[in-house]
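# Fold and geometry: a report
Chain residues, written in single-letter form:
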Amino acid sequence: MSRFLRFFPKNIPTVAPVPHRAVLSLGGSDVSDFLNGILASHVTEPKVPRYSVFLNAQACVVVSHQPGRVLYDVFLYTSSDTTGKPIYLLDYDPRPSDAPGLITLLKRYVLRSKVKIRDLSEEYDVWASWGNSAIPEMTRGWSWSHSGVIQPSWEGSEWSWGNKNESVLDRRAPGMGKRFLVKKGALPQETSDHERASSDAFTLHRILTGVPEGHEDLPAMQAFPIESNLDIMGGCLVPNPIVTPSPEAPSYPSNISISSTRIRSPDDTRSLPRARGTGKLLTSTQGIGLALLRLEQVEATEQGELSLGCSVESGPSQGTWEIHHYWPNWWPRRLEESSEMAVSEH
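Quick caveat, the model's predicted, so the values are computed rather than measured.

### A short note on the layout of surface pockets
There is about 510 Å³ of room inside the second largest pocket. As for the second largest pocket, its lining consists of 22 residues, and the residues nearest its centre are Ser25, Gly27, Asp81, Thr82 and Ile87. In terms of residue class, the lining of the second largest pocket is made up of six nonpolar, seven polar and nine charged.

Next comes the structure, spelled out in structure tokens:
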């Protein structure tokens, strides 16, 4: 079944709730400067929506030390408070992780800044829509670094992530559509002309597009931004010491890829060597998912020198499983210089 999922139609207008997300409000006269100091991307005035990540405090260390790890991936939305003053709304994964709670983390850095933080998770739901031709795609270029970092650039003068309140154009990958906030328990207006789907449909759409999200794909205090493709998705401006080419510049041996599995037939007698310690399966559904794979082993598999697989010793999935991967069609094509995302099938 997973072979066919790869070609699952993505041009049917669809709307679905986004699972595992909570909403915070951030207001006050210093909020943009406050966020600019702790997010991994520039936040300036006037306020605009965007996608970004919080990294741990090691994010700006020199190359010879361990770089910062992901704490939370977030979307920022513009909105206004009850007095009409502009504020930010932020959606994030609230599930328990190795990171401190996001509200606790933010309050740690407020100090004397004029910033107000409120939990609005009981007031808003997060939804997404895709497959609608009314959401224009933008021409995407790539900025390459010798260190392996790749950052997107968009043509035109319009802000790539949109300009509407409580809505973000999801530019993490082509075809992701848009993301928006809806009052708790209400249905978005898109349900009138879009096919309404479950949150599982959004997860499948995200996997097929090759987009990691939340603690399951970006484990807090473990995920490294470049291995997690956050540079390619426009969520992280990597600090100069990491980007600048130098004899000590790091290499990035692994990246998140899409993977699917199928059970290996008892009649399959191939004797290709099996990779050891290849990677980690992340979000998966219906036999397809995202996986963190070592690039040299992916390349060896593509050349027929190695096979990827796993064995499950007990339970309903017991057996030997083959792992198959493929590259998302939007992936930067200059692969010899990139940190590479593969899509794998199992």
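Still more ground to cover, so stick around.
### Describing unusual backbone geometry
Between Glu45 and Pro46 the backbone carries a cis peptide bond, its omega angle lying at -5°. Tracing the sequence through the fold places Pro46 in the loop between helix H2 (31-38) and strand S3 (50-55). Phi is positive for His20, which is not a glycine, with a value near 60°. Among the secondary structure elements, His20 is positioned in the loop between strand S1 (14-17) and strand S2 (22-27). Judged by relative accessible area, which is 45%, His20 ranks as partly exposed.

### Points about helix H3 (residues 102-110)
When we look at burial in H3, the residues that qualify are Leu102, Leu105, Leu106 and Val110. Along H3, the residues classed as buried sweep out an arc of 145° about the axis, all on the same side. Elements that come into contact with the buried residues of H3 comprise S2, H2, S3, strand S4 (70-80), strand S5 (86-92) and strand S6 (116-119). Positive backbone phi, at 50°, marks Leu111, one or two positions downstream of H3.

### Considerations on the sheet that holds strand S12 (residues 195-196)
The sheet built from five strands is open, its strands ordered S10-S11-S7-S1-S12 with mixed pairing. Strands with a single pairing partner mark the edges of an open sheet, and in this sheet they are strand S10 (167-169) and S12. Inspection of the sheet shows S1 paired to strand S7 (residues 124-130) by four bridges, in the antiparallel sense. Within S7, the position partnered with Ala16 by the bridge is Ala128. Across the sheet, helix H4 (residues 199-209) touches S1, S7 and strand S11 (178-183), and the angle it forms with S7 is around 50°.

### Brief notes about the packing of aromatic side chains
With the rule as written, the count across this model stands at seven aromatic pairs. Summarising the aromatic geometry, the rings of Tyr51 and Trp161 are spaced 6.1 Å apart at their centres and angled 40° between planes, so their arrangement reads as tilted. One end of the pair, Tyr51, is in strand S3; the other, Trp161, is in the loop between strand S9 (150-154) and S10, with 110 residues separating them in the sequence. Aromatic side chains Trp154 and Trp161 sit 6.0 Å apart centroid to centroid with 70° between the ring planes, which places their arrangement in the edge-to-face category.

### Observations regarding the nonpolar core
One finds Leu89 and Leu230 to be the most contacted residues of the largest nonpolar core, which totals 42 residues. Residue assignment for this core shows that the elements contributing at least two residues are S3, S4, S5, S7, H4 and strand S15 (288-294). Sequence-distant contacts of Leu89, that is, excluding residues within four places in its chain, are made with Val23, Leu24, Ser25, Phe75, Leu76, Tyr77, Ser79, Leu120, Tyr124, Glu166 and Leu181. Core analysis: the second largest hydrophobic core is formed by 25 residues, Val31, Leu71, Leu76 and Ala99 among them.

### Focus: the side chain of Glu190
Note that Glu190 resides in the loop between S11 and S12. For Glu190, a relative accessible area of 10% corresponds to the buried category. Excluding residues that lie within four positions of it along the chain, Glu190 makes contacts with Val15, Lys178 and Phe180.

### Overview of the pattern of salt bridges
The final tally for this structure, using the stated rule, is 14 salt bridges. Taking the shortest distance from any N to any O, the salt bridge between Asp91 and Arg179 comes out at 3.1 Å. Residue Asp91 is located in strand S5, and its partner Arg179 is located in strand S11; the two are separated by 88 residues in the primary sequence. Overall, the relative accessible area of 0% leaves Asp91 in the buried class. Classification of Arg179 by relative accessible area gives buried; the value is 1%. Among the salt bridges present, the one from Arg171 reaches Glu137, with a minimum N-O distance of 3.9 Å.

### Focus: the pairing of strand S14 (residues 279-285)
As paired elements, S14 and S15 share five bridges and run antiparallel to each other. When the sheet's bridge partners are listed, Gly279 is paired in S15 with Leu293. Hairpin connection from S14 to S15: two residues lie between these consecutive antiparallel strands, with Gln286 at a positive phi of about 55°.

### So, the pairing of S3
Two faces, one strand: in a regular strand the side chains alternate between the faces of the sheet. When you tally the buried positions in S3, you get six out of six residues, the bulk of the element. Burial along S3 is two-sided: Arg50, Ser52 and Phe54 facing one way and Tyr51, Val53 and Leu55 facing the other are all buried. As paired elements, S3 and S4 share six bridges and run antiparallel to each other. Counterpart to Tyr51 in the pairing with S4 is Phe75.

### Some words on the environment of Gly185
With respect to the helices and strands, Gly185 occurs in the loop between S11 and S12. Classification of Gly185 by relative accessible area gives exposed; the value is 70%.

Basis of the calculations
- Residues numbered from 1 in each chain as written.
- Predicted model: local features only at pLDDT ≥ 70, side-chain atom pairs only at ≥ 80, totals over all residues.
- Heavy atoms only, no water.
- 1 Å grid on protein atoms, 1.4 Å probe; cavity = no way out; pocket = protein on both sides within 12 Å on 5 of 7 lines; lining within 4 Å.
- Points joined across faces, edges and corners; volume = space filled by probe spheres on them.
- Nonpolar A, V, L, I, M, F, W, Y, C, P; charged D, E, K, R; others polar.
- Helix = DSSP H or I, 4+ residues; strand = E, 2+ residues; numbered from the N terminus.
- Buried < 20%, exposed > 50% of the residue type's maximum accessible area, 1.4 Å probe, protein only.
- Arc of directions from axis to C-beta.
- Contact = heavy atoms within 4.5 Å.
- Pairing = 2+ DSSP bridges.
- Axes fitted to C-alpha atoms, helices over the stretch in contact; angles between N-to-C directions.
- Phe/Tyr/Trp six-rings, centres within 6.5 Å; stacked < 30°, edge-to-face > 60°.
- Core = buried A, V, L, I, M, F, W, Y, C linked by side-chain atoms within 4.5 Å.
- Salt bridge = Lys/Arg side-chain N within 4 Å of Asp/Glu carboxyl O.

Fair warning: the whole summary comes from geometry, so function is off the table for now.
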